[in-house]
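Architecture at a glance
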Amino acid sequence: MREVELWKRLEAVLPDGYARVWADQVVLAELGGRTVSEALRAGVPCKRVWRVAWAHLELPATLR
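Notes on the structure in this doc start here. (Residues numbered from 1 in each chain as written. Predicted model: local features only at pLDDT ≥ 70, side-chain atom pairs only at ≥ 80, totals over all residues. Heavy atoms only, no water.)

Here we come to the environment of Leu28. Turning to its location among the elements, Leu28 is positioned in the loop between helix H2 (18-25) and helix H3 (36-41). With 25 residues separating them along the chain, Leu28 and Ala53 place their C-alpha atoms 8.2 Å apart. For Leu28, the residues in contact, after removing those within four places along its chain, are Trp22, Gly33, Arg34, Val36, Val52 and His56. (Helix = DSSP H or I, 4+ residues; strand = E, 2+ residues; numbered from the N terminus. Contact = heavy atoms within 4.5 Å.)

The geometry of helix H1 (residues 3-13) relative to helix H4 (residues 46-56) is characterised by a closest axis approach of 9 Å and an angle of 15° between their N-to-C directions. When the axis of H1 is compared with that of H4, the two are roughly parallel. The two elements H1 and H4 cross, and the hand of that crossing is right-handed. Taken together, the residues of H4 that come into contact with H1 (itself represented by Glu3, Leu6, Arg9 and Leu10) are Cys46, Val49, Trp50 and Ala53. Considered class by class, the residues forming the contact of H1 with H4 number six nonpolar, no polar and two charged. (Axes fitted to C-alpha atoms, helices over the stretch in contact; angles between N-to-C directions. Parallel < 35°, antiparallel > 145°, perpendicular 65-115°, else oblique. Left-handed = near helix turned anticlockwise from the far one by under 90°. Nonpolar A, V, L, I, M, F, W, Y, C, P; charged D, E, K, R; others polar.)

What follows is about the packing of aromatic side chains. What the rule picks out here adds up to zero aromatic pairs. One residue, Arg20, lies across the ring of Trp7, its end atom 3.7 Å from the ring centre. Its guanidinium or amino end placed over the ring of Trp54, Arg64 lies 5.1 Å from that ring's centre, counting from NZ or CZ. (Phe/Tyr/Trp six-rings, centres within 6.5 Å; stacked < 30°, edge-to-face > 60°. Lys NZ or Arg CZ within 6 Å of the ring centre and 35° of its normal.)

Before going further, it helps to examine the side chain of Ser37. Looking at the secondary structure, you find Ser37 in helix H3. At 2.5 Å, the side chain of Ser37 and the side chain of Asp24 are in polar contact. The residues contacting Ser37, other than those within four sequence positions of it, are Trp7, Ala23 and Asp24. (Polar contact = N/O pair within 3.5 Å; in protein donor to acceptor, adjacent residues only side chain to side chain.)

Spelled out as structure tokens, the structure:
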């Protein structure tokens, strides 16, 4: 998965600009105590970041 796809998915489930705010502010233990934005900057693969976000947001399996 590319980063652009990750952002498209996040923006689809967190509309109206909230995806970027959420990605900058919500710390996820599964990402080493980092936010989505920090994890991406640290080089965590986008697919892993998406799976952690998907689980945290309790999204349906169809969006995995």
